[in-house]
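# Structure at a glance
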Amino acid sequence: MAGLGLAPFADNSFLTHLATGRLILDLGHVPTVDTYTFTAPGASWVVQSWLVSLLFGAAEELAGDNGVRVVVGSLMVALFAIAWRLSRPAEGLLVRVGIGALVVGVGTQEWTERPLLVGLVILGCTVLAAEGDFDPRWLLPLGWIWVNSHGSFPLGLLYLVVVALGRRLDHLDASVELRCLRWLGGGILLGAVNPLGPELLLFPVRLLAHHDVLEGVVEWQAPTFAETGQRIFLAQVMLAVVAVVRRPRYRNGLVLAVFLAAAMLGARNIAVASLVLVPVLADAWPAGGRLRAASRDGLAWLLTAAGGIGAIVVVVVQLGQPAYALDAYPVVALDRLEAWDVDLGEVRLATVDRVGNLIAWRDGPEGHVFVDDRFELYPKRVSREVAALRQGGPSSTSVLDRWDIDLVLWPRTGALTSILRASPSWRSLDVSEGDWTLMCRRGAELGGALGTC
């Protein structure tokens, strides 16, 4: 898990979170209006994950890129440790290893350097508390952290309501679950005390109000099970169904039904469902094989020592690698514009949202991006025009005209690229970079070494 957490960063959202952490440190406060774009300047901006952005920014300032990698790696190690603890009812080592392998398999795709990682760790602590393995009083401060780190905090409340109801339907005492619910609920209410005020508590609801935009975001769409991590999750679900049949309990059945439904509605919930299913799997196979995870014999110590040495080697090797994997981004084109002294604060560049995240990370507020993946920020008119460019319809060039855009950096196979190549008003610049094409409006004053297009 340390190796996964220390892998080079490639997530586009992470780039903006880190850029925002730097901005918070520079300003001395959390910004409340957009500072990155020219399409929504001054628009109200709820920096819902301000605490994680600040953590990333502070880690970078203290220890550079590797400081951020250590933070992310530590969160992933903590998440796996929680999952391992949750599997404890299955005393057999092979069963626990199998459950852990499923969780890690899902995590290789779903655990990224986004703030959701903090939310998953706190969700794991919530599940531990409901299982009686964690003092629920810790959920009070953790609830505050969750609200200020990621908008997934309602899922913690949902989980506790589901398991409490399941216990009641099983005719068992639900006092532990209800106690956890009170402490976590108190922590979430306490989360309103923050630099942005109660707005953070309402953020998840207001985010869902943008359902028309969310439908176009991959992580909010239903999973296609075309990727390995999603297929591993499907295997985990199948085993969970077997587990519920093997040991029928309303508590486990409700967890499976509710969180599987959440995962099927949006792929972003797969990581959540994978974590809460761990106790369901462990409960069905309390004894599997003769080798026990709690064994203290020579073989167990040997395996532990080998694992520790292996982890150290992986950490050393990973920290020696580049901190960022930006092969999927048009880095060469942006570097060329910088070498040509083209000021993106003066010359407007249109590009796709993930490249907007990259520009914010590279240039901060001076980048003046067209759009990034903070889709909840933009007025509906802007969202519609971004969709028009992405689809490459007849109105594409008029969108560029309305925003006075003189540069376009777009995927080579995109419909917009084909339209502009066929237009006498645009020409391609001499930047050869894999899947990307850089074009300029003929006659536009670009400044620097380019002069007039």
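Heads up: the structure comes first, above all this text.
Cut-offs applied
Residues numbered from 1 in each chain as written. Predicted model: local features only at pLDDT ≥ 70, side-chain atom pairs only at ≥ 80, totals over all residues. Heavy atoms only, no water. Axes fitted to C-alpha atoms, helices over the stretch in contact; angles between N-to-C directions. Helix = DSSP H or I, 4+ residues; strand = E, 2+ residues; numbered from the N terminus. Parallel < 35°, antiparallel > 145°, perpendicular 65-115°, else oblique. Left-handed = near helix turned anticlockwise from the far one by under 90°. Contact = heavy atoms within 4.5 Å. Nonpolar A, V, L, I, M, F, W, Y, C, P; charged D, E, K, R; others polar. Core = buried A, V, L, I, M, F, W, Y, C linked by side-chain atoms within 4.5 Å. Buried < 20%, exposed > 50% of the residue type's maximum accessible area, 1.4 Å probe, protein only. Disulfide = S-S within 2.5 Å. Pairing = 2+ DSSP bridges. Expected span 1.5 Å × (residues − 1). Polar contact = N/O pair within 3.5 Å; in protein donor to acceptor, adjacent residues only side chain to side chain.

Okay, the packing of helix 11 (residues 228-246) against helix 12 (residues 250-265) next. Packing of helix 11 against helix 12 brings their axes to within 10 Å, and their N-to-C directions diverge by 155°. In terms of axis orientation, helix 11 runs roughly antiparallel to helix 12. Regarding helix 11 and helix 12, the two cross each other, and that crossing is left-handed. In this structure, helix 11 contributes Phe 233, Val 237, Ala 240, Val 241 and Val 244 to the contact, and helix 12 contributes Asn 252, Gly 253, Leu 256, Leu 260 and Ala 263. Taken together, the residues that form the contact of helix 11 with helix 12 break down as 8 nonpolar, 2 polar and no charged.

Residues Tyr 159, Phe 233, Tyr 324, Phe 370, Leu 407 and Val 408 are the most contacted members of the largest nonpolar core, which totals 137 residues. For this core, the leading source of residues is helix 3 (residues 50-86), giving 13 residues. Ignoring sequence-local partners within four residues, the contact set of Val 408 consists of Leu 349, Ala 350, Leu 400, Leu 416, Leu 420, Trp 426, Thr 437, Leu 438 and Met 439.

The subject of this paragraph is the state of the cysteines. Tallying each qualifying case throughout the model produces 1 disulfide. Two residues share a disulfide in this structure: Cys 440 and Cys 453, whose sulfurs sit 1.9 Å from each other. The sign of the 65° torsion about the S-S bond sets the Cys 440-Cys 453 disulfide as right-handed. With Cys 440 in strand 4 (residues 436-441) and Cys 453 in the segment after strand 6 (451-452), the pair connects residues that are 13 residues apart, well separated along the chain. Both residues of the pair, Cys 440 and Cys 453, count as buried.

A few words on the sheet that holds strand 2 (residues 407-411). The mixed open sheet is built from 4 strands, whose spatial order is 1-2-4-3. Each end of this open sheet is capped by a strand with a single partner; those strands are strand 1 (349-351) and strand 3 (426-428). For this sheet, the mean angle separating the axes of adjacent strands, direction not counted, is 25°. Across 3 bridges, the pairing between strand 1 and strand 2 is parallel. Bridging from a neighbouring strand, Leu 349 pairs with Leu 407 of strand 2.

The next thing to look at is helix 4 (residues 93-110). Helix length check: helix 4 (18 residues) gives 25 Å between terminal C-alpha atoms against 26 Å at 1.5 Å per residue, within 8%. Of all the residues in helix 4, the buried ones are Leu 93, Val 95, Arg 96, Ile 99, Gly 100, Leu 102, Val 103, Gly 105, Val 106, Gly 107 and Glu 110.

Checked against the element boundaries, Arg 441 lands in strand 4. We classify Arg 441 as buried; its relative accessible area is 17%. At a separation of 2.8 Å, a polar atom in the side chain of Arg 441 contacts the main-chain carbonyl oxygen of Ile 405. Non-local contacts of Arg 441, meaning those with residues more than four positions away in its chain, are made with Leu 400, Asp 401, Ile 405, Asp 406, Ser 425, Trp 426 and Cys 453.

We now examine the pairing of strand 2. Taken across its 5 residues, strand 2 has 4 buried, putting it largely inside the fold. Sheet analysis places strand 2 next to strand 4, joined by 5 bridges and oriented antiparallel. Counterpart to Pro 411 in the pairing with strand 4 is Trp 436.

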